Amino acid sequence: MRQGRFLKYILSLALITPFAYQAQSQNVNAASAFAGKEDTYYKLCSSKKLSKSKQQTCQEFNTYLKGRSKDLKSQIASTKKSVQSTKSSITTMQKKITSLNSQINTTKKRIAYVKVSIANTEKALNKKESTLKNRIYAAQATTNSNSYVSYLFGADSFSDFFSRVSTVGDITSYENDLMDQINKTKANLKTQKQTLTATQANLTSARRQSKVILSQYNEKLKEQEATLRKSTGDLGNNEESIQQIAKNLADMKEAERKAAVAAAKIAAQKKALAEAKAKAEAEAREKARIAAQRQAAAEAAAKKAQEEAEEKRRAAEEASAAKKAAAEAAAKKAQAEAAAKKKAAQQAASAAQNASASSNASSNTQGNDDDNSSSSNSASTSNSSASSANSSASDDNDSSSTNAAASSNSSSNSSNSSSDDTSSKSQSSTSSSSSTSDDSASDDSTSAKVTNASVSGDDIALKALSKRGAPYVWGASGPSTFDCSGLVWWAHAQCGINFGRTDTRGLSSMGSAVSYGNLQPGDVLIFSSNGSYSGIHHTGIYIGNGMMVHAPHSGATVSVVTVSSGYYRNQFYTARRLY
């Protein structure tokens, strides 16, 4: 268990150490990048216009300055402690020098006192020596030992004198004690003087050394105070620079924030304008759609009325034809009946003649006069009857034939009158078309112009719009599938403008040219990939508001697109008006 915890600790330490080292390395790199170049970066970061990268650099420089401030504060605290320690040392040294001066003065006084004591003692010793000499001289004089006296008083010094005296064996104890006392006193005074002189020398040396140390402490204090002043000044400048750079960066961030707010406001305004424009366009499209629906309804009503009129005309023509057929049938029937009556009359006349002949024969057999008379009368009556029948048959036939003919002619005239109106209209249209075609043919070198004064561009546009959603099929001309030129031809043909099925390049030379700024609904738009005739590749019908209806390409359907900008605006080559 402990081993597992130890391994976790080692792994954690191994993971943390690289990041800590990396952070330390980054700080060192930043310090090495900015150290010694502070003035350059002060000037850079004082600018009111900085790029994002330079702002990042100034942020790093400010971090460096904060670290430097921390170091300066630590250095100032350490220097203050050193100054305080140096001042304490100077105070101690000054006290020591004052004490040494006091000791030196005391020693000087003691030396002066010892000198006086030595002088007094020497006087006393001189007296004692003199007394001792006299006593020794007196003692030796009694023994007439002049050589001994000469020996004693031949000493070079008092010490030598005492040394010689010590060799004399017959000196009394008093003289010995006196000599010992004199020697001890002189030795003590000498030792005391030497000690005081050494003490004075030592104190003087200590004072001199203390003054040197004090001077060193004072120089050190000056240096420390100068360092403290510089560090304090550097810290103040550093802190001021940190505040200025931080303020400058904050001002730029605030300016960026305000710019972003302004940009957002402008974007919102643009969005609102775009939405308003889109709404207006949508309303315009809705109005156009409603107008198109109304127009389509009007066209449907007109078409229905036209169809009804056409149906009535056809019914009239059929009725006229039926009447004419009935009249012809009646005339034929009347002719047949007249022929039958005529034939019956002829048969009756023939039968009457046969009967008359038979009666005459009988009459001739029975009595010639009566029979001849009767036969003559009968024949006359029969002939008269036959003549009357023939006359009646002829009259009926003529009357029936005349009436049938009149009825047929009346029906024919009525039919012809109706037919003539339609024929006249057709001929007028054909004549107009023929005339237009002739004009087009006569001006083929410039442009083919096909016009119909009774047709408007809105009619053509609405016809084309009515086929939205119809599939694209190459080469198709309707009524359910189209290619681009096929849709243009079909829409014009529906409005009575017949110029013959042609391709897009053919359309580019028909009608009259229209500039882009003068486009009207119904105008034919031609597009080119290279701005010339050789690049012509597509066509459509302008419907207003910068829009056109067209059959785009395989896989698509007849649809409406914008031509006021983008691809189609750039590809625009020419516009033609064919109505």
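Everything below is about the structure printed above this text.
Residues numbered from 1 in each chain as written. Predicted model: local features only at pLDDT ≥ 70, side-chain atom pairs only at ≥ 80, totals over all residues. Heavy atoms only, no water.

Participant: It is not clear to me how the sheet that holds strand 5 (residues 559–562) should be interpreted in this structure. Could you clarify?
Facilitator: The strands making up a sheet are joined through hydrogen bonds of the backbone, oriented either antiparallel or parallel. Strand order in the open sheet formed by six strands is 1-6-2-3-4-5, and the pairing between neighbours is antiparallel. The sheet terminates laterally at strand 1 (512–514) and strand 5, the two strands that pair on one side only. Taking each pair of neighbouring strands and ignoring which way they run, the sheet shows an average axis angle of 40°. Judged from the four bridges that link them, strand 2 (residues 524–528) and strand 6 (residues 572–577) form a sheet pairing that is antiparallel. When the sheet's bridge partners are listed, I526 is paired in strand 6 with T574. The strands that helix 8 (residues 457–465) touches are strand 3 (536–544), strand 4 (547–550) and strand 5; relative to strand 3, the one it contacts most, it runs at about 110°. Across the sheet, helix 9 (residues 484–494) lies against strand 2, strand 3 and strand 4, angled at about 40° from strand 3, the strand it touches most. (Pairing = 2+ DSSP bridges. Helix = DSSP H or I, 4+ residues; strand = E, 2+ residues; numbered from the N terminus. Axes fitted to C-alpha atoms, helices over the stretch in contact; angles between N-to-C directions. Contact = heavy atoms within 4.5 Å.)

Participant: Explanation requested: the pattern of salt bridges in the structure shown.
Facilitator: Side chains that differ in charge, positive against negative, can pair when their charged atoms come close. Overall, the coordinates contain nine salt bridges when judged by the stated rule. The partner of D483 in a salt bridge is R501, with the nearest N and O atoms 3.0 Å apart. Note that D483 is positioned in the loop between helix 8 and helix 9 and R501 in the loop between helix 9 and helix 10 (504–507), a separation of 18 residues in sequence. The class for D483 is buried, based on a relative accessible area of 6%. (Salt bridge = Lys/Arg side-chain N within 4 Å of Asp/Glu carboxyl O. Buried < 20%, exposed > 50% of the residue type's maximum accessible area, 1.4 Å probe, protein only.)

Participant: Hey, could you run me through the state of the cysteines in this one?
Facilitator: Disulfides are covalent bonds that connect the sulfur atoms of two cysteines. If you walk through the whole model with that rule in mind, you get one disulfide. Linked covalently through their sulfurs, C45 and C58 form a disulfide whose S-S length is 2.2 Å. Its S-S torsion of approximately -100° makes the covalent link between C45 and C58 left-handed. Linking C45 in helix 2 (residues 38–45) with C58 in helix 3 (residues 52–141), this pair joins segments that are 13 residues apart in sequence. Judged by its relative accessible area of 3%, C45 falls in the buried class. (Disulfide = S-S within 2.5 Å.)

Participant: Explain helix 9 to me, please; I cannot follow it from the model alone.
Facilitator: Owing to its 3.6 residues per turn, the α-helix brings residues three or four apart onto one side. Counting buried residues along helix 9, nine of its eleven residues qualify, which places the element largely inside the surrounding structure. Residues of helix 9 that are buried include every one of C484, S485, G486, L487, V488, W490, A491, H492 and A493, and no others. Phi for G496, located one or two positions after helix 9, is positive at around 85°.

Participant: How should the nonpolar core be read in this particular structure?
Facilitator: Considering soluble globular proteins, one finds that nonpolar side chains tend to be buried as a cluster. Among the nonpolar cores identified, the biggest contains 27 residues, and I460, F482, L507, I541 and V558 are the most heavily contacted of them. Elements supplying a minimum of two residues to this core: helix 8, helix 9, strand 2 and strand 3. Leaving out residues up to four positions away in the same chain, L507 has contacts with S485, V488, F499, T502, I526, T539, R576 and L578. Within the second largest apolar cluster, 13 residues are counted, among which are C58, F61, I242 and L249. (Core = buried A, V, L, I, M, F, W, Y, C linked by side-chain atoms within 4.5 Å.)

Participant: Can you walk me through the packing of aromatic side chains in this structure?
Facilitator: The way to describe two aromatic rings as a pair is by their centre distance and the angle between their planes. A full pass over the atoms with the stated rule returns eleven aromatic pairs. Centre to centre, the rings of F34 and Y41 are 4.8 Å apart; their planes meet at 90°, and the pair counts as edge-to-face. Summarising the burial analysis for this pair, F34 and Y41 share the class buried. An aromatic cluster of at least three residues, connected via ring pairs, comprises F34, Y41, Y42, F61 and Y64. (Phe/Tyr/Trp six-rings, centres within 6.5 Å; stacked < 30°, edge-to-face > 60°.)

Participant: What am I meant to see in the layout of surface pockets here?
Facilitator: To find the voids left in a structure, one rolls a probe of water-molecule size over its atoms. Of the voids in this model, the second largest pocket is the one considered here, and its volume is about 580 Å³. Broken down by element, the lining of the second largest pocket gets its largest block of residues, nine residues, from helix 6 (residues 173–366). (1 Å grid on protein atoms, 1.4 Å probe; cavity = no way out; pocket = protein on both sides within 12 Å on 5 of 7 lines; lining within 4 Å. Points joined across faces, edges and corners; volume = space filled by probe spheres on them.)

Participant: For this particular structure, what's the right way to read the side chain of E38?
Facilitator: Assignment of secondary structure puts E38 in helix 2. Ignoring any residue separated from it by four or fewer positions in sequence, one finds E38 in contact with F61, Y64 and R68.

Participant: Help me understand the packing of helix 8 against helix 9, please; the structure alone is not making it clear to me.
Facilitator: Contact pair helix 8 / helix 9: the axes reach a minimum separation of 8 Å and the direction vectors enclose 125°. In terms of orientation, helix 8 and helix 9 fall into the oblique class. Of the two possible hands of crossing, helix 8 and helix 9 adopt the one that is right-handed. Residue-level inspection shows I460, K463 and A464 of helix 8 in contact with helix 9, the latter providing L487, W490, A491, H492 and Q494. When grouped by side-chain class, the residues that make up the contact of helix 8 with helix 9 number five nonpolar, two polar and one charged. (Parallel < 35°, antiparallel > 145°, perpendicular 65-115°, else oblique. Left-handed = near helix turned anticlockwise from the far one by under 90°. Nonpolar A, V, L, I, M, F, W, Y, C, P; charged D, E, K, R; others polar.)

Participant: Where do I start with the side chain of S231 in this structure?
Facilitator: Note on placement: S231 falls in helix 6. When its relative accessible area of 3% is taken as the criterion, S231 is described as buried.

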